[in-house]
Amino acid sequence: MHEVKRLNADHATDLVTLGQQAYTANATESKEKLDEIIEKTKKNLAREERKYYGVMQADKLIGSMQLFDYEMNVFGQFMKTGGLSSVAVDLLHKKERIAKSMVEYYLKHYDEAGYTFGVLYAFRPDFYHQMGFGYGTKMDQYRIAPHAFPNFGYKGDLVYLQEKDLDLLVDCYNRFAAQHHGAMKKVAEQYEWMIQKPNFKYIGIEKNGHLTGYVVFSFMKREDANNTLSNNIMVHEFVYTDDDALRQLCTFLHSQKDQVHRLFFQTQDEAFHHLLTDPRDGSDHKIPFVYHQTNVSGVGLMYRVINVKRLFMNLGDHRFGQSNLTVTFDIQDSFYQANEQEVTVKFNAGKPTVIQGAKPDVNVTIDIADFSSLIMGVVDFDRLHLYGKISLDDSSYVEKLTDLFHTKEKPICLTNF
């Protein structure tokens, strides 16, 4: 295993160089721009809350990553969650298990700090699935004609938001996060870079000095027509804390129909198309037999339970269905073996208590990646069992276990990192 250590401002040039090689879509050919990025990185590395780590070899940085301390809503309570991002390996040191060493360090770091979950956006889902990260809820991207958003006839509480409104914006988002399983708390810094850009528009619903919702968007040139009077809109964030805010924001988007061709809209709401008067994406493509194409979907955020025993202890007040059942979970975690263990949980009217050594009603063997998706409610127990992802010593318990872990809401995430 390679030695991983915290980076400081002295590593800024090497960190930027490594990042430019690993993430070529963000690479710059301008020395002036590169110097500007290095100076900004030096300032970030000097900030305590910005946590960069790397692997050194003969005083040269050959691997790097960034860690984030988050709080994620898990069934109504916020749990400590460690984010992993910007994993990069020097071109000359690929396939030397440097990424493996960094991910191992990341898991151990957060486990020892008492965290329950790890999250990341995978550059390759299969790569991180092998490391024990389970798939999250898919993201759907719609390309909607503005008139397809319902017009509820009122948008009188709309206001433009500016940098001075950051506290109101963050407060609104965090109230939204408290309402939604999977959402993570945010701080003002996560909005600063966007709100300072003139091409990003912030529109909020303000009532009694508070925001009840907002939309963040930018205009895009149409690539399918030479028409400077017609644009597309990219919606970056769409947040509402009550039905009135949703209706006013829908009315606002509907009202853009005179100069906007399509709205690019991302959502993890599986029922979203029921909101629209026309969910089609304009491609006129049909899926056999006669299914009109509405959206494209993608797998992105992945979850990992770092410590299964701690998870159930932290969720002692959460009700997993109504069953009375004792289950031994044989967790397969070959990547982070500190978490490879048998955990026996007694569910009393759905509430879990860890009771090691108790006689179980059923034994369940499951890989940590699939367990992580299951526990977050991304996928049901019976699906994983059908797909051969779960084995148990008594298949008559499949229905009870499915009821135990079924959730009314799949996790959503609006945090990019």
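Residues numbered from 1 in each chain as written. Predicted model: local features only at pLDDT ≥ 70, side-chain atom pairs only at ≥ 80, totals over all residues. Heavy atoms only, no water.

**Concerning the overall build of the protein**
Across its full length, the protein carries eleven helices and 21 strands. A globule of 417 residues ought to have a C-alpha radius of gyration of about 22 Å, and the protein, at 23 Å, matches this closely. Here the C-alpha coordinates of the protein stretch approximately 70 × 55 × 50 Å along the principal axes. Expressed as a percentage of its 417 residues, the buried residues of the protein come to 47%. (Helix = DSSP H or I, 4+ residues; strand = E, 2+ residues; numbered from the N terminus. Rg over C-alpha atoms; globule rule 2.2 N^0.38 Å. Buried < 20%, exposed > 50% of the residue type's maximum accessible area, 1.4 Å probe, protein only.)

**Some remarks on the UniProt feature "domain: Eis-like acetyltransferase" (unreviewed entry) in the protein**
The positions UniProt marks with the feature "domain: Eis-like acetyltransferase" (unreviewed entry) are residues 199-282. With 14% helix and 44% strand, residues 199-282 has end C-alpha atoms that lie 25 Å from one another. (UniProt positions renumbered as here; feature names shortened; annotations may be inferred.)

**Focus: the packing of aromatic side chains**
In total, this model carries 33 aromatic pairs according to the counting rule given. When the centroid spacing of 6.3 Å and the interplanar angle of 80° are considered together, the rings of tyrosine 191 and tyrosine 214 count as edge-to-face. You can see tyrosine 191 sitting in helix α6 (residues 189-195) and its partner tyrosine 214 sitting in strand β10 (residues 210-221), a full 23 residues away along the chain. Each member of the pair, tyrosine 191 together with tyrosine 214, is buried. Note on phenylalanine 320 and phenylalanine 347: the rings are 5.8 Å apart at their centroids and 80° apart in plane angle, and the pair reads as edge-to-face. Highlighted residues: phenylalanine 320 in the loop between α8 (308-314) and β17 (325-332) and phenylalanine 347 in strand β18 (residues 342-348), separated in sequence by 27 residues. Classification of phenylalanine 347 by relative accessible area gives buried; the value is 1%. Aromatic rings pair up to connect Phe75, Phe312, Phe320, Phe329, Phe347, Phe371 and Phe405 into one cluster. The ring of tyrosine 173 carries lysine 186 above its face, with NZ or CZ at 4.7 Å from the centroid. Positioned above the aromatic ring of phenylalanine 152 is the side chain of arginine 247, whose terminal nitrogen or guanidinium carbon lies 5.5 Å from the ring centre. (Phe/Tyr/Trp six-rings, centres within 6.5 Å; stacked < 30°, edge-to-face > 60°. Lys NZ or Arg CZ within 6 Å of the ring centre and 35° of its normal.)

**Points about helix α11 (residues 398-405)**
An α-helical turn contains 3.6 residues, so a residue and the one three or four places further along point in the same direction. Of the positions making up α11, those classed as buried are Val398, Leu401, Thr402, Leu404 and Phe405. Buried residues of α11, viewed axially, fall in a sector of 160°; they line one side. Among the structural elements, β17, β18, β20 (362-367), α9 (368-375), α10 (381-386) and β21 (390-392) are those in contact with the buried residues of α11. (Arc of directions from axis to C-beta. Contact = heavy atoms within 4.5 Å.)

**Digging into the side chain of threonine 241**
Its place among the elements puts threonine 241 in the loop between β11 (231-240) and α7 (243-254). In terms of polar contacts, threonine 241 uses its side chain to reach the backbone carbonyl oxygen of threonine 212, at 2.8 Å. (Polar contact = N/O pair within 3.5 Å; in protein donor to acceptor, adjacent residues only side chain to side chain.)

**Regarding the pattern of salt bridges**
In a structure, side chains of opposite charge can pair up when their charged atoms sit close to one another. A full pass over the atoms with the stated rule returns 22 salt bridges. Among the salt bridges present, the one from glutamate 36 reaches lysine 33, with a minimum N-O distance of 3.5 Å. Of this pair, glutamate 36 and lysine 33 both sit in helix α2 (residues 31-45), three residues apart, which is roughly one turn of that helix. Between glutamate 189 and arginine 47 there is a salt bridge; the shortest N-O distance is 3.4 Å. One end of the pair, glutamate 189, is in helix α6; the other, arginine 47, is in the loop between α2 and β2 (51-57), with 142 residues separating them in the sequence. Look at glutamate 189 and you get partly exposed, because its relative accessible area is 23%. Arginine 47 sits in the partly exposed class, given a relative accessible area of 31%. (Salt bridge = Lys/Arg side-chain N within 4 Å of Asp/Glu carboxyl O.)

**What about the UniProt feature "domain: Enhanced intracellular survival protein" (unreviewed entry) in the protein?**
UniProt records the feature "domain: Enhanced intracellular survival protein" (unreviewed entry) at residues 324-413, using the numbering of this structure. For the annotated span residues 324-413, helix accounts for 24% and strand for 31% of the residues, and the straight-line distance between the end C-alpha atoms is 32 Å.

**Regarding the sheet that holds β17**
Strand pairing within a sheet occurs via backbone hydrogen bonds; the two strands may be parallel or antiparallel. Spatially, the five strands line up as an open sheet ordered β19-β18-β17-β20-β21, and their pairing is mixed. Either end of the sheet is taken by a strand with one partner, and the two such strands are β19 (351-354) and β21. Going across the sheet, the axis of each strand differs from the next one's by a mean of 30°, ignoring polarity. Direction of pairing for β17 relative to β18: antiparallel, over a ladder of six bridges. If you follow valine 327 over to β18, its bridge partner there is valine 345. Its contacts with the sheet place α9 against β17 and β20, and it is angled at close to 110° to β20. (Pairing = 2+ DSSP bridges. Axes fitted to C-alpha atoms, helices over the stretch in contact; angles between N-to-C directions.)

**Overview of the pairing of β19**
Two elements, β18 and β19, share four bridges in a ladder whose sense is antiparallel. Bridge assignment links valine 345 to a residue of β19, and that residue is valine 354. Between β18 and the antiparallel strand that follows it, β19, lie two residues; alanine 349 among them carries a positive phi value of about 50°.

**Considering helix α3 (residues 98-112)**
Its 15 residues give α3 an end-to-end C-alpha distance of 21 Å, which sits within 8% of 21 Å, the value for a rise of 1.5 Å per residue. By the burial criterion, the buried members of α3 are Ile98, Ala99, Ser101, Met102, Val103, Glu104, Tyr106, Leu107, Tyr110 and Asp111. (Expected span 1.5 Å × (residues − 1).)

**Points about the packing of helix α1 (residues 12-22) against α2**
Running from N to C, α1 and α2 point in directions that differ by 120°, and their axes come no closer than 9 Å. When the axis of α1 is compared with that of α2, the two are oblique. Every pair of crossing elements has a handedness; the one defined by α1 and α2 is right-handed. Across from Ala12, Thr13, Leu15, Val16 and Gln20 in α1, the residues of α2 making contact are Leu34, Ile37, Ile38, Thr41, Lys42 and Leu45. For the contact of α1 with α2, the residue count by class is seven nonpolar, three polar and one charged. (Parallel < 35°, antiparallel > 145°, perpendicular 65-115°, else oblique. Left-handed = near helix turned anticlockwise from the far one by under 90°. Nonpolar A, V, L, I, M, F, W, Y, C, P; charged D, E, K, R; others polar.)

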